[in-house]
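Examination of the molecular architecture
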Amino acid sequence: QDADDESSPDRLTKQYKYMEQCKDVVLLGTNEYEISYGIKRVGKYIDDQRIEKYIHLHNPFSHSSVMFRDDIFKIVGGYDESYKAAQDYECWLRMSQKGKVIMLPNILINRFTNKNSITRKKRYWQCKYGTIARFKYRNNMSVIKIVLASIYQWLTSYIPESVIYLKRKLDI
């Protein structure tokens, strides 16, 4: 979990119980409150089918919300230290080849973002290595979709958060 993020007191228990019941799930994230500059917004829940369909286009999980199976994490080799950023996304892509990666709709974390957050400070590297991971693990995803997803990540990384919030509200 990121240093400034907060988990609900029952987050780990809920995720553990879910993973005990669903042995085919290798990675389990949760929905979140995103708190940026004092504004609290509900994160965007993504259902199983959309995650499976779109994980090769963008990272649907906040790192702070994720619980995964240690044995699968070790099988896929853990985080790739050669990536300067987006190590989590690259790892989730590899884990998605070993089983289901899903998100609980429950809001179980408060994720704080600001100008000093790693996502903002390392946005160039996040975009670069996110693009590399997309191409490396694209499966049957078309090159055009991968390029468009990467362009979208680059653009949204450098535009004001208010525009991203509007996009999420409009679900486009």
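Right above here is the structure, for reference.
The notes below deal with the structure included here. (Residues numbered from 1 in each chain as written. Predicted model: local features only at pLDDT ≥ 70, side-chain atom pairs only at ≥ 80, totals over all residues. Heavy atoms only, no water.)

**Here's the deal with the pattern of salt bridges**
Opposite charge on two side chains allows them to pair when their charged atoms are near. Here is the rule: Salt bridges are counted wherever a side-chain nitrogen of Lys or Arg sits within 4 Å of a carboxyl oxygen of Asp or Glu. Type-normalised accessible area, obtained with a 1.4 Å probe on protein chains alone, sets the label of each residue: buried when under 20%, exposed when over 50%, and partly exposed for intermediate values. Helix numbers and strand numbers start at the N terminus; a helix is a DSSP run of H or I with at least 4 residues, a strand a run of E with at least 2.
One pass over the structure, following the stated rule, counts eight salt bridges. Across the pair K23 and E20 runs a salt bridge whose closest N-O atoms are separated by 3.3 Å. Assessed through its relative accessible area of 37%, E20 is described here as partly exposed. The partner of R94 in a salt bridge is E90, with the nearest N and O atoms 2.7 Å apart. Taken together, the residues R94 and E90, both in helix 4 (residues 87-96) and four residues apart, mark about one turn of the helix. Relative accessible area serves as the criterion here: at 10%, R94 is assigned to the buried category. A single salt-bridge network, built from bridges that share partners, covers E32, E34, R41 and R111.

**Some details on unusual backbone geometry**
Notably, A86 is not glycine yet its phi reads approximately 65°, a positive angle. Here A86 falls in the buried class, since its relative accessible area comes to 5%.

**Considerations on the packing of helix 4 against helix 6 (residues 123-136)**
We count it as follows: In this analysis an axis means a line fitted to C-alpha atoms, helices contributing only their contacting stretch, and an angle means the value between N-to-C directions, from 0 to 180 degrees. An angle counts as roughly parallel when it lies under 35 degrees, as roughly antiparallel when it exceeds 145, as roughly perpendicular when it falls between 65 and 115, and as oblique in every other case. Handedness of each helix crossing follows the sense of rotation of the near helix against the far helix: counterclockwise by less than a right angle gives left-handed, clockwise gives right-handed. The contact criterion used is simple: two residues touch if any of their non-hydrogen atoms lie within 4.5 Å. Residue polarity follows a fixed list, in which Ala, Val, Leu, Ile, Met, Phe, Trp, Tyr, Cys and Pro are nonpolar, Asp, Glu, Lys and Arg are charged, and the others, Gly among them, are polar.
Viewed as axis vectors pointing N to C, helix 4 and helix 6 meet at an angle of 15°, and their least axial separation amounts to 9 Å. Viewed along their axes, helix 4 and helix 6 adopt a mutual orientation that is roughly parallel. Seen along the crossing, helix 4 lies across helix 6 with a hand that is right-handed. On helix 6, the residues that touch Y89, E90 and L93 of helix 4 are G130, A133, R134 and K136. In terms of residue class, the contact of helix 4 with helix 6 is built from three nonpolar, one polar and three charged.

**A look at helix 1 (residues 11-21)**
As a reminder of what qualifies: This arc describes the spread of directions from the helix axis toward the C-beta atoms.
Listed in full, the buried residues belonging to helix 1 are R11, Q15 and M19. End-on, the buried residues of helix 1 take up no more than an arc of 50°, which puts them together on one face. Residues of helix 1 that are exposed and angled more than 90 degrees away from the buried face: K17 and Q21. Among the structural elements, strand 1 (6-7), strand 2 (25-36), strand 4 (67-68) and strand 5 (100-113) are those in contact with the buried residues of helix 1.

**A short note on the packing of aromatic side chains**
Keep this limit in mind: Aromatic pairing here means that ring centres of Phe, Tyr or Trp (its six-membered ring) are within 6.5 Å. Orientation follows from the plane angle: under 30 degrees is stacked, over 60 is edge-to-face, and everything else is tilted. In this scheme, Lys NZ or Arg CZ marks a charge over a ring once it lies within 6 Å of the ring centre and within 35 degrees of the ring normal.
On inspection of all chains with the given rule, the structure shows eight aromatic pairs. One aromatic cluster is present, formed by Y83, Y124, W125, Y129 and W154 through successive ring pairs. The ring of Y33 carries K40 above its face, with NZ or CZ at 4.2 Å from the centroid. Over the ring of W125 we find K84; its NZ or CZ atom is 4.2 Å from the centre of that ring.

**Re the nonpolar core**
We apply this condition: Take the buried Ala, Val, Leu, Ile, Met, Phe, Trp, Tyr and Cys residues and link them wherever side-chain atoms come within 4.5 Å; each set so joined is a nonpolar core.
Membership of the largest hydrophobic core comes to 22 residues, with the highest contact counts inside it found for L27, I51, I55, F61, W92, M95 and V101. Elements represented by at least two residues in this core include exactly strand 2, helix 3 (70-75), helix 4, strand 5 and helix 6. With five residues, helix 4 is the single largest residue contributor to this core. Filtering out sequence-adjacent residues up to four positions away, I55 remains in contact with R50, P60, F61, Y89, W92, L93, S96 and V101. Formed by seven residues, the second largest nonpolar core is a distinct cluster that contains V25, M67, I102 and L108.

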